[in-house]
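Working through the structure, step by step
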Amino acid sequence: MKTLRLVWIYPDLLSTYGDRGNALVLERRARLRGLPAEVTEVNSDQRVPADGDVYLIGGGEDVPQTLAARRLIADGGLREAVARGAVLFAVCAGYQVMGHEFGGSDGEPVAGLGLLDMHSARAEPRSVGEIVADVDPALGVPRLTGFENHQGHTKLGPQARPLSRTILGTGNGDGTEGAYQGRVVGTYLHGPALVRNPGLADLLLTWAAGELPPMPPESETLAARLRDERLAAVTPQP
Amino acid sequence: MDSSYREGGRPRLPVRAKIATMAGGTAARVSRMAGRDGSVIGGIVGLRLEPGLLSMLAQGRQVALVTGTNGKTTTTRLITAALGVLGQEVASNAFGANMEAGLTSALSRAPDATMAVLETDEKYIPAMIAATRPRVVVLLNLSRDQMDRAAEIWLLARRWREALASAPGCRVVANADDPLVAWAASGAREVTWVAAGQRWREDSWCCPNCGAHLRRDGDDWSCHECSNRRPPVSWVLADEVMIDPSGIARQIELALPGRANRSNAVVALAAADAFGVKVPSGLRALRTVTSVAGRYTQVRRRGTELRLLLAKNPAGWLEALDVLAPAPVPVLLAVNAQGPDGRDTSWLWDVDYRRLRDRTVLVGGERRIDLAVRLEADEVPFRLVNDLDEAITMAREPVIEVLANYTAFQQYRAVLGRTE
Ligand SMILES: [Zn+2]
């Protein structure tokens, strides 16, 4: 069986807080289904390989975010991979980088990769806290639970669709959260967003590997318990 | 010189500041009688009456400010111990109240102390430099910490750099092995560079000056796109040995465990040196420190020895996991996510737990399920526990290592009946 190639882009620049979790979750969920998977970390002084299956990019501060955007545009590997149909999951600062532009450290617009049809800008106040959002029904993914910590608002253009609608939290700033376009998914759920959202992890794996064999049920118990605990802690009880 | 300066002593406080100090002292006593620790309330009351109180209280004293993401409380304690050999009273906020009110309280409580060693929150360094005009500023390390409320660290490094560049007559004692710290300190006029090591590197793979991926070779680092590089050091930590600027090597032999504390000790001696403390006597004083605000304490409960370790962020956990007694000694890990801990548990994913695979791991704290999912991903077997006693019952071993983050640690200490 072909090994699923997970590529984590620029952990040296964009890995503020637990971003490794997304690579670990995808690898584990593939492995438990008998799908061999390997994670490749690509630092900012290396070329981004164009032959990966799933690409991951995480969060970071303003200066590293701007540096990462410049390097990714100059490198071209990620754009080529996405054009080929590879899956991309972009978080927080990495999410903003995938749009046409975002706000730099002094609020000035910085060019992004344009893989998601959207514009981001800095916005007061900083959005910090638990976030809950209902995913676009077309994707068949259960309600999202996570933590957001960002200072940006994002406006989607006609090519990108909102990933979800917020129940709690800020997300894009207009009642929606995240975006998807083809096989590119972005979200403000920061850090290890896939840990509490195994459904979203499986969507990415399905896009990359086709229909997935089932996981041993006991391997799902803890993640489900965490998910339920967090949702119960922050959503008003009926 | 100020006209209120007393011959050979501390300057006299203006009347308003005196009243503010007295009111603060009263509030602190009332608070202590009510069973609270009183280490901040005095400062809060005093500052409300006299906003300039801290700078008035600091005037005429030799102040050392100690900051960094990890090791502030311990290093403050160690420098205080080293300065003790000079035979004079030293003011200090020994219990970690490290913002303006805590510093103010510490100085109010010790009106006659001519020296002060003050732990200072990373964000407040610029303001506290302006208020206390320190003789020494100690920069330990800089890494991710409670991101939901702390400033971003590249930004923090830039603020330190600006504040230090404009601080006259101040000596900076800085860890040359941490690129962010080194960059922040290199704007200062006088720097004592210490090779204190850097265990956690996830926040400094790139050059803080230009952003290029840094070249690293052991503890050495340099940027290939700008001139930023590790500065030449005069104090060195090499495993168990320290080398001072005269080239003499000595075994450190602390009572406190771990590499991180040896690193804190070398930095402390470099800071104490600026106050005239000689290395041999300073080092002897450091060896007498056995516990810092309850950390590293050993407590007996129901026939089991509990060794308490506090760590608040991924860099701290990484260091703490190094300090654990070897397997098969069981370990209890406990995590909360209250305000002081940071409400976000994402940081758990930045720590590598795989080295715990060969021992009994117990998982407690209010966010134990978050930690359990993390351990599951690293294939570390564990058992969930509701409290300390359940952990003792389950482990059935003479010794348990307890590693907890801030409020989880405080909760365990309260159960153990110590509220130092
Ligand atoms: Zn550079």
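Residues take numbers from 1 onward in each chain, read along the sequence in its written order. Labels are handed out in written order, letters beginning with A for the chains and numbers beginning with 1 for the ligands. Totals for whole chains, interfaces and linings use every residue, but because this is a predicted model, local features are given only for residues with pLDDT of at least 70 and side-chain atom pairs only at 80 or more, for both listing and counting. Working from all heavy atoms in the structure, the side-chain values ignore hydrogens and water.

1. Considerations on the interface of chain A and chain B
Where interface size is quoted, it is often the accessible area lost as the parts come together. Note on contacts: a residue pair qualifies if any of its non-hydrogen atoms lie within 4.5 Å across the two residues. In this assembly, 38 residues from chain A lie in contact with 33 residues from chain B. In short, buried area is how much 1.4 Å probe accessible area vanishes from two parts on joining, totalled over both. A combined buried area of about 3,100 Å² lies between chain A and chain B, and 56% of that area is made up of carbon and sulfur atoms. The largest per-residue losses of area from chain A upon contact with chain B belong to Tyr-17, Glu-61 and Leu-222 of chain A, which jointly make up 25% of the total buried on that side. Basic side-chain nitrogens of Lys or Arg form a salt bridge, by our definition, when they fall within 4 Å of a carboxyl oxygen of Asp or Glu. Our count for the contact surface shared by chain A and chain B stands at 3 salt bridges.

2. Concerning unusual backbone geometry
That bond from Glu-124 of chain A to Pro-125 of chain A is cis: its omega, -10°, falls within 30 degrees of zero. Turning to its location among the elements, Pro-125 of chain A is positioned in strand E7 (residues 118-135). Following Ala-327 of chain B, the chain continues to Pro-328 of chain B via a peptide bond in cis, the omega torsion being 10°. Numbered from the N terminus, helices here are DSSP runs of H or I no shorter than four residues, and strands are runs of E no shorter than two. Looking at the element boundaries, Pro-328 of chain B is found in the loop between helix H11 (314-323) and strand E14 (331-334). Unusually for a residue other than glycine, Glu-379 of chain B sits at a positive phi of about 55°. Positionally, Glu-379 of chain B belongs in the loop between helix H12 (368-377) and strand E16 (383-384). Exposure is judged per residue with a 1.4 Å probe applied to protein chains only, and the accessible area is read against the type maximum: over 50% gives exposed, under 20% gives buried, and values in between give partly exposed. For Glu-379 of chain B, a relative accessible area of 47% translates into the label partly exposed. Of note in the backbone geometry, Arg-396 of chain B takes a positive phi value of approximately 45° without being a glycine.

3. Here's the deal with the coordination of the zinc ion
Residue and element names in this part refer to chain B. At the metal site, the zinc ion is ligated by Cys-207 (SG), Cys-210 (SG), Cys-223 (SG) and Cys-226 (SG), and these contacts range over 2.3 to 2.4 Å. Because the angles between the 4 donor atoms bound to the zinc ion fall within 98 to 117°, the donor set is best described as tetrahedral. Read from N- to C-terminus, the donor residues coordinating the zinc ion fall into the pattern C-x2-C-x12-C-x2-C. With Cys-210 in the loop between strand E6 (190-195) and strand E7 (215-217) and Cys-226 in the loop between strand E8 (220-222) and strand E9 (235-238), the pair connects residues that are 16 residues apart, well separated along the chain. On the accessibility criterion, Cys-210 (27% relative accessible area) is partly exposed. In this description, a donor is an N, O or S atom within 2.8 Å of the metal centre, a cutoff extended to 3.2 Å for sodium, potassium and calcium. Water is not part of the atom list, which can make sites seem incomplete. Every geometry call rests on angle ranges, with four donors termed tetrahedral when all angles are between 85 and 135 degrees, four termed square planar and six termed octahedral when opposite donors are over 155 degrees apart and all others are between 65 and 115, and everything else termed irregular.

4. Overview of the sheet that holds strand E15 (residues 361-364) of chain B
All names here are of chain B. Across the sheet, 6 strands lie side by side as E12-E13-E17-E14-E15-E16; this open sheet has mixed pairing. At either end of the open sheet lies a strand with only one pairing partner, and these are strand E12 (298-301) and E16. The strands touched by H11 are strand E13 (304-310), E14 and strand E17 (399-404); relative to E17, the strand with the most contacts, the crossing angle is about 170°. Angles run from 0 to 180 degrees between N-to-C directions of axes, and those axes are lines fitted to C-alpha atoms, restricted for helices to the stretch in contact. Against the sheet, helix H14 (residues 406-415) makes contact with E12, E13, E14, E15 and E17, and its axis sits at roughly 150° relative to E13, the strand it touches most. The pairing criterion for strands is at least two bridges between them, as found by DSSP.

5. Considering the domain arrangement of chain B
Residues and elements named next belong to chain B. Throughout, the edges of the domains are those of an automatic or database domain assignment. Taken domain by domain, chain B holds domain 1 (53-286) and domain 2 (298-416). For domain 1 versus domain 2, the separation of C-alpha centres amounts to 28 Å. With 14 residues of domain 1 at the interface, the matching set in domain 2 holds 18 residues. Interface of domain 1 and domain 2: buried area, both sides summed, is about 1,300 Å²; carbon and sulfur atoms make up 51% of it. For the pair domain 1 and domain 2, the interface holds 3 salt bridges. Taking the shortest distance from any N to any O, the salt bridge between Arg-199 and Asp-322 comes out at 2.6 Å.

6. As for the pairing of strand E8 (residues 144-156) of chain A
Residues and elements named next belong to chain A. Among the 13 residues in E8, 10 count as buried, and that is most of the element. Across 12 bridges, E7 lies against E8 in antiparallel orientation. Each bridged residue has a counterpart across the sheet, and for Glu-130 the counterpart in E8 is Phe-147.

7. A closer look at the packing of aromatic side chains
Residues and elements named next belong to chain B. Side-chain rings of Phe, Tyr and Trp, where Trp is taken by its six-membered ring, are said to pair if the distance between their centres is within 6.5 Å; with planes under 30 degrees apart they count as stacked, over 60 as edge-to-face, and otherwise as tilted. This structure, assessed with the given rule, holds 2 aromatic pairs over all chains. Judged by centre distance (5.3 Å) and plane angle (70°), the rings of Trp-317 and Trp-347 are edge-to-face. Note that Trp-317 is positioned in helix H11 and Trp-347 in the loop between E14 and E15, a separation of 30 residues in sequence. As far as the burial class goes, Trp-317 and Trp-347 line up, both buried. Arg-135 extends its terminal NZ or CZ atom over the ring of Phe-275, reaching a point 5.2 Å from the ring centre. By the criterion adopted, a ring carries a charge over it if an Arg CZ or a Lys NZ lies within 6 Å of its centre and within 35 degrees of its normal.

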